[in-house]
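Notes for the structure review
Chain by chain, the residues run as shown.
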Amino acid sequence: MKKRKFFVVCAILTVLLIFGSVSLYAGGAQEEEDAVKIAFIGPLTGPNAAQGVGARNSFLMAIDEVNNSGKLPYTIEVIVLDDESKPGTAASVAQMAVSDPDIVAASGHWNSPCAEATIPIFKSEGIPFIVWGAISPTLTSKENYPYVTRVCPTQAQENIPLAKFAMEELDRQRWAIISDTSTYGKSNTEAWENNAKEYSGVEIVSLDEIQVGTTDFRPILSKIKNRDLDGVYFGGVVMEGALVRRQMVELDMEDTLMVGISGIVDDKFIETAGADAAEGVVAVKPGKDISRMSGGTEFVENYKSAGYSEPFGAYGPYAYDAAKIITTAMAKVGPDKNKLIDAIANIEYSGLLGTTSFNEFGQTENVVSTIYVVQDGKFVPWYESDYEDGSLSLPGAD
Amino acid sequence: MLYAQILNAVMLGCTYSLVAIGFSLFFGVLDTVVFCAGDVAIFSSFSVVFLVQLIGFYNIFFGLFNPVAALLLTVIVAAIFTAILMVLLYQLVIKPFENKSSLMPLLSTIAAGIALRELIGIFFPEGRNPRSFPELLSNERILQELPGISWRNAIIIVATILIVAILYWFINKTKIGLSIQAVSQNREAATMVGINRNLVIYVTFIVGGLILGFGGFLIGSYYAVIRFDLGAGFGLKGFSAAVVGGLGNVYGAIVGSMLIAFAEVFVTAYIPGGTAYASIAAFVLVLAFILFKPEGVLGNKSVEKV
Amino acid sequence: MTENKIYTHKIEKLLPSLGVVVFFAALAVAITGSLWSTLIILIGMTGLLIYGEKHGQVDRAYIRVEERRSSTLTVLIICIVLLPFILKGNSYFLHIAVMAGIYAIVALGLNFQIGSMGQVNFAPAAMFGVGAYTSAMVTVRLGASPWIGLIAAMIVTAGMGIVFGFPALKTRGFYFSLVTIALQTIFILLVVNTEWLGGPNGIPGIPAFSLFGQSLKKSGMLLGTPIPYQMNYIYLTFTLLLLLIVISKRLYSSRIGLAWNAIEEDEIVASTQGINLTKVKLLSFSIGSVFAGIAGSLYAHYTSFIGVEDFDFNKSLIFICMVLLGGMDNPIGVTIGAIMLTVIDEKLRIFADYRMLMYSIILIVVLVVRSQGLLPKRNRKYPLGEEN
């Protein structure tokens, strides 16, 4: 009799399954609505979550503003997807995005490998894609134009002004480089090295590459301590950056200048390194300072009043403008992905970042960077700091 | 520079060694690798952060503690938390596999380590961000003429030595310590002469938990920045150190930690472009030991039990 | 009563085919449905498996499958052919199915070490990566056909399997596990530090497989509706998966499978029984690695981009989870475990923060509650032909 019971269970299950699938199919058919969707992809969990979450909030805020203004005859829905900083996951969620026929545009990625993984997918489906935070130069190219555009500067564009500032304005020549082995750290370091070498007299004394998650930099620092350095360049993000600065101070290297890239321009850096240790650290961040952006103060206020608990981070304004560029193009040509491709590529949009237009590779022509310096426990734009007028002097200044 | 690098290596070795001792202690008694030791140590670091905030709160409102008492209290309470956690982990993920294949507790403790890490990341406020560890030990130099020896570094070295010395006394001079040795040498014989094996195991886990608790505090103090996922790295390095020193041998664990730390530091310091390969160097050392001298530096060459 | 019995018997003959159909229907609903329906299906399936296991129905099902092997296989093949259509031709759902197939292949390979020989190998993701990178390098840097890449991946992983297996000759248990953890870590570090392998940037632009001059990455049209290119990969992946399941089952029933089990029980006794430990152990690693290599090559030419983040220690742990959940030393069980975990993983995307926590808890629960897995190892049944 047990046998029969088993068959009965099986039979019931089969019937249920068939009904289930039929109802699902039917349900799927009824779902058709006039929805316009755009996809946002970024690292919302994992090691770079801070970058992705700030950008996501800014992106959502921009779309909410558009929806509430009533300028478009439809409401836009954002599909938020998490790439976990892993290309495999990114490819998976991109598949999820392109399988939805209502999605007409997408914006994504802080990690360049993730963008490498998803761009072919969006391209093959003819969906316009705006990169808001990934900095590898190869992402925007002749082959990917006009499908792929980018609102943020590439690694080279970020490092050119920093090198110019360090070599010309500060007149530093002997450099040690510490970088992490992520794409972000490595590609920035490469760009910096190439730029720095163009200045006469500049010497790269040492180059040390560390794994993300390394905690002990003392062996490296002890090694370069007595090499008569003018500065240490750090290519990486907050955690390791803070450790490097802290351990530099510990090893009596507080008189050596440390410069970094956008990855360390974060209040967390000062908090974890300690305000005293971080004093005088110089870093570059793409874009104008938020207070100098047109509508920047408004953006900060809106962001606060929208109730997001996380800071918008270095790339928030880029994601915000990416969203606005998509909606502006949409207002012009309607929610049709084929038309949007050209509309976005040929756009000339004035927003938070200034006027954004794309060159023949899809790279933004609006490239500004701001040099920041840590003063009294805050990242202050160089031109506003007490270092600029000489009332304070940077570590190691003569 | 050599002096500075030796100091760096010794300090790095100290941070590895308490985790490595934990591995060896558990292995000795249970014949199984408790893989979550690194995560347990980092849990202790986070407990310290939590307690310091709590004590800061008490200080503001009640003015209860003087700094040294507060420091000791924090460290001891964090270590007790860690010991409790260790016993809980034993109950949950090690005990169910008493008489089964020894690989199962290996897998389950790896899983428990991940669970612990993720739980810190999820439930500790802003748990996935790096956080600064309170500067409880002064970073001032003891003597101006001696660079590198700050109060903190001195305390870390002395504390490590002290913990090992207490452990030596505990294992060799107390009755329960001798029972731990007996169980780790021969389980059946120990039971036969009337040693309560369960008690011995619990005591070992409490002692191991306390050591990992102090270890977490020292790690946090030395780096001053902690993150929820650091435990994986320390666990791996600690386990490697224990293997190099000879699994089950507590003193070997220290030797192993120093060997691994010296390998890492000196590859970074003296091989051009070696920094990127420092971790590889440590692992290659481990591989070499496993393949050619699996009993480690100080371990006894045991005859295969058939 | 007699009528009843005949009736039952007829249904019972259909049981294997019915089971296959139910499985595929459940799979389809699990992939296409919402999170809740997926969870209900998976819990239902788990319950049914455990119930059937306890009351002997699964054993009977095995016997029936043996009796009616050809018809079951036919039904299975029909189901696979229909799979893209019951997944509504939706490219994302098809993508899940392809990934499930690829991961199942890796898990099958890993099973030779964990399931058959009881040695926990923590480096399957590294081996998966070796396959993917070999295939990608051969096609991208040397411009060879992806099929050559696949073969190269198989050859290289077979060699690497022997390298990885070599420590297993001298060590076992924890020592061996530590060796594989070290190798897994070294693999990641080496790739990241080697410019030629793309370093941290990964390798973009890996070409897709092509068959009879047709790229498998071309979307087709069928009866006026567009069919996404993933369909081609489903057929490719599942054909290979089916083939590899058959190979695994054959190996399991062969002398080699027996020898592996003997080693698991007791290495020394095994060697006194005349088992050549070196040969048999290395075989396990080599074959397992080739499986991972095939999967890696499929993955590389399917996603067209590989980055080192996809082959890290956590991925290894997920593969181990698949083998343990599905059932050690049972190819069908391992496949089911891999498919189940892949589907759950995709469905739980929104809870990405809790993913690793979920895997670790699944691992602990499976180990404590049901360490033999959902579909445990079966007893070998040999025909008593020679005696009769």
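Residues numbered from 1 in each chain as written. Chains lettered and ligands numbered in written order. Predicted model: local features only at pLDDT ≥ 70, side-chain atom pairs only at ≥ 80, totals over all residues. Heavy atoms only, no water.

What follows concerns the overall build of chain C. A count of helices and strands for chain C gives 15 helices and four strands. At 21 Å, chain C has a C-alpha radius of gyration in line with the 21 Å of a compact globule built from 388 residues. Out of the 388 residues belonging to chain C, those deemed buried represent 60%. Of the contacts formed within chain C by residues at least 6 apart in sequence, a portion of 80% connects residues at least 24 apart. Here chain C has roughly 15600 Å² of accessible surface; of this, 69% comes from carbon and sulfur atoms. (Helix = DSSP H or I, 4+ residues; strand = E, 2+ residues; numbered from the N terminus. Rg over C-alpha atoms; globule rule 2.2 N^0.38 Å. Buried < 20%, exposed > 50% of the residue type's maximum accessible area, 1.4 Å probe, protein only. Contact = heavy atoms within 4.5 Å. Areas by Shrake-Rupley, 256 points an atom, 1.4 Å probe, with all protein chains shown as cover.)

This part is about the overall build of chain A. Counting secondary structure elements, chain A contains 13 helices and 14 strands. With respect to the principal axes defined by its C-alpha atoms, chain A has extents near 85 × 60 × 40 Å. Taking all 398 residues of chain A together, 62% fall into the buried category. A sequence separation of at least 24 residues applies to 69% of the contacts in chain A between residues at least 6 apart. Accessible area of chain A: about 15000 Å², with a carbon and sulfur share of 49%. Both charge centroids of chain A, one from 32 positive and one from 55 negative side chains, sit 8 Å from each other. (Lys, Arg positive; Asp, Glu negative; His and termini not counted. Charge placed at Lys NZ, Arg CZ, Asp CG, Glu CD.)

Attention now moves to the sheet that holds strand E3 (residues 103-108) of chain A. Residues and elements named next belong to chain A. Taken in spatial order, the five strands make up an open sheet running E2-E1-E3-E4-E5, and their pairing is parallel. Among the strands making up the open sheet, the edge pair consists of strand E2 (76-82) and strand E5 (148-150). When the angles between neighbouring strand axes are averaged without regard to direction, this sheet yields 20 degrees. Where strand E1 (residues 36-42) lies against E3, five bridges are found, and the strand directions are parallel. The residue of E3 that forms the bridge with Ala39 is Ala106. The strands that helix H2 (residues 49-69) touches are E1, E2 and E3; relative to E2, the one it contacts most, it runs at about 170 degrees. Set on the sheet, helix H4 (residues 112-124) makes contact with E1, E3, strand E4 (129-131) and E5; between it and E4 the angle comes to about 155 degrees. (Pairing = 2+ DSSP bridges. Axes fitted to C-alpha atoms, helices over the stretch in contact; angles between N-to-C directions.)

With that out of the way, let us pick up a nonpolar patch on the surface. All names here are of chain B. Together, Phe50, Leu54, Phe57, Tyr58, Val68, Leu72, Ile76, Ile80, Phe81, Ile84 and Leu88 make up a nonpolar patch on the protein surface, roughly 1000 Å² of accessible area in all. Looking at the nonpolar patch, the elements that each hand over two or more residues are helix H2 (37-62) and helix H3 (67-94). By residue number, the principal contributor to the nonpolar patch is H3, which donates seven residues. Residue position: Val68 is located in helix H3. On the basis of relative accessibility, which here comes to 56%, the residue Val68 falls in the exposed class. (Patch = residues over 30% accessible without salt bridge, like charges linked within 9 Å, V, L, I, M, F, W, Y side chains within 5 Å. Salt bridge = Lys/Arg side-chain N within 4 Å of Asp/Glu carboxyl O.)

Here the focus is the interface of chain C and chain B. On the chain B side, the residues contacting the 37 residues of chain C number 44 residues. Taken together, both faces of the contact between chain C and chain B bury some 3500 Å²; the carbon and sulfur share is 82%. Per-residue buried area on chain C facing chain B is highest for C:Phe174, C:Tyr175 and C:Leu178; these three make up 21% of the total on that side. Run the count over chain C and chain B and you get zero salt bridges. If one sorts the elements of the side of chain C that touches chain B by residue count, helix H8 (residues 173-193) of chain C sits on top with 14 residues. (Buried area = accessible area lost by both parts, 1.4 Å probe.)

Time to look at helix H11 (residues 278-292) of chain B. Taking 1.5 Å per residue as the helical rise, H11(B) with its 15 residues ought to reach 21 Å, and the 21 Å between its terminal C-alpha atoms agrees with that figure. Looking at H11(B), one finds that the buried residues are B:Ala278, B:Ser279, B:Ile280, B:Ala282, B:Phe283, B:Val286, B:Leu287, B:Phe289, B:Ile290 and B:Leu291. Next to the buried residues of H11(B) lie helix H9 (230-245) and helix H10 (250-270) of chain B together with helix H7 (146-170) and H8 of chain C. (Expected span 1.5 Å × (residues − 1).)

Let's shift gears to the confidence of the model for chain A. Here chain A shows a mean pLDDT of 84. Residues at 70 or above account for 91%. The model gives residues 26-32 of chain A a pLDDT under 50, and that stretch makes zero contacts with residues more than four places away or in other chains. (pLDDT = per-residue confidence, 0-100.)

Many authors give the size of an interface as the accessible area that is lost as the parts come together. Residues and elements named next belong to chain A. Each assigned domain of chain A is listed with its residue range as follows: domain 1 (36-153 + 291-367) and domain 2 (156-286 + 370-384). For domain 1 and domain 2, the distance between their C-alpha centres works out to 29 Å. Both sides together, the interface formed by domain 1 and domain 2 hides about 1200 Å², and carbon and sulfur atoms give 60% of it. Taken together, domain 1 and domain 2 are joined by zero salt bridges. Summed over the shared surface of domain 1 and domain 2, the number is one residue pair in polar contact (both at pLDDT 80 or more). (Domains from an automatic or database assignment. Polar contact = N/O pair within 3.5 Å; in protein donor to acceptor, adjacent residues only side chain to side chain.)

This next bit is on the pairing of strand E6 (residues 174-180) of chain A. Residues and elements named next belong to chain A. A large share of E6 lies buried, amounting to six of its seven residues. Between the parallel elements E6 and strand E7 (residues 203-210), the chain passes through helix H6 (residues 183-196) in a crossover that is right-handed. Inspection of the sheet shows E6 paired to strand E8 (residues 231-235) by five bridges, in the parallel sense. The partner of Ile177 across the bridge, within E8, is Tyr233. (Right-handed = clockwise from strand over helix to strand, strands pointing away.)

On the side of chain C, 47 residues touch chain A, which itself brings 37 residues to the contact. If you look at where chain A meets chain C, you find three salt bridges. Across the pair A:Lys186 and C:Glu195 runs a salt bridge whose closest N-O atoms are separated by 3.8 Å. Among the secondary structure elements, those contributing two or more residues to the side of chain A that touches chain C are helix H1 (2-30), helix H3 (87-98), H4 and H6 of chain A. Ranked by the residues each element gives to the side of chain A that touches chain C, the list is headed by H1(A), at 13 residues. Here the side of chain A that touches chain C is composed, by residue class, of 14 nonpolar, 13 polar and ten charged. (Nonpolar A, V, L, I, M, F, W, Y, C, P; charged D, E, K, R; others polar.)

This next bit is on the sheet that holds strand E13 (residues 369-375) of chain A. Residue and element names in this part refer to chain A. Spatially, E7-E6-E8-E9-E10-E13-E14 is the arrangement adopted by the seven strands of the open sheet, whose pairing is mixed. Looking at which strands have only one partner, the edges of the open sheet turn out to be E7 and strand E14 (378-381). Mean inter-strand twist for the sheet, computed between neighbouring axes without regard to direction, equals 25 degrees. Bridging between strand E9 (residues 257-260) and strand E10 (residues 282-286) involves two bridges; their strand directions are parallel. Among the inter-strand pairings, Val259 is bridged to a residue of E10, identified as Val282. Of the strands in this sheet, E6, E7, E8 and E9 touch helix H8 (residues 238-250), which is tilted by about 175 degrees from E9.

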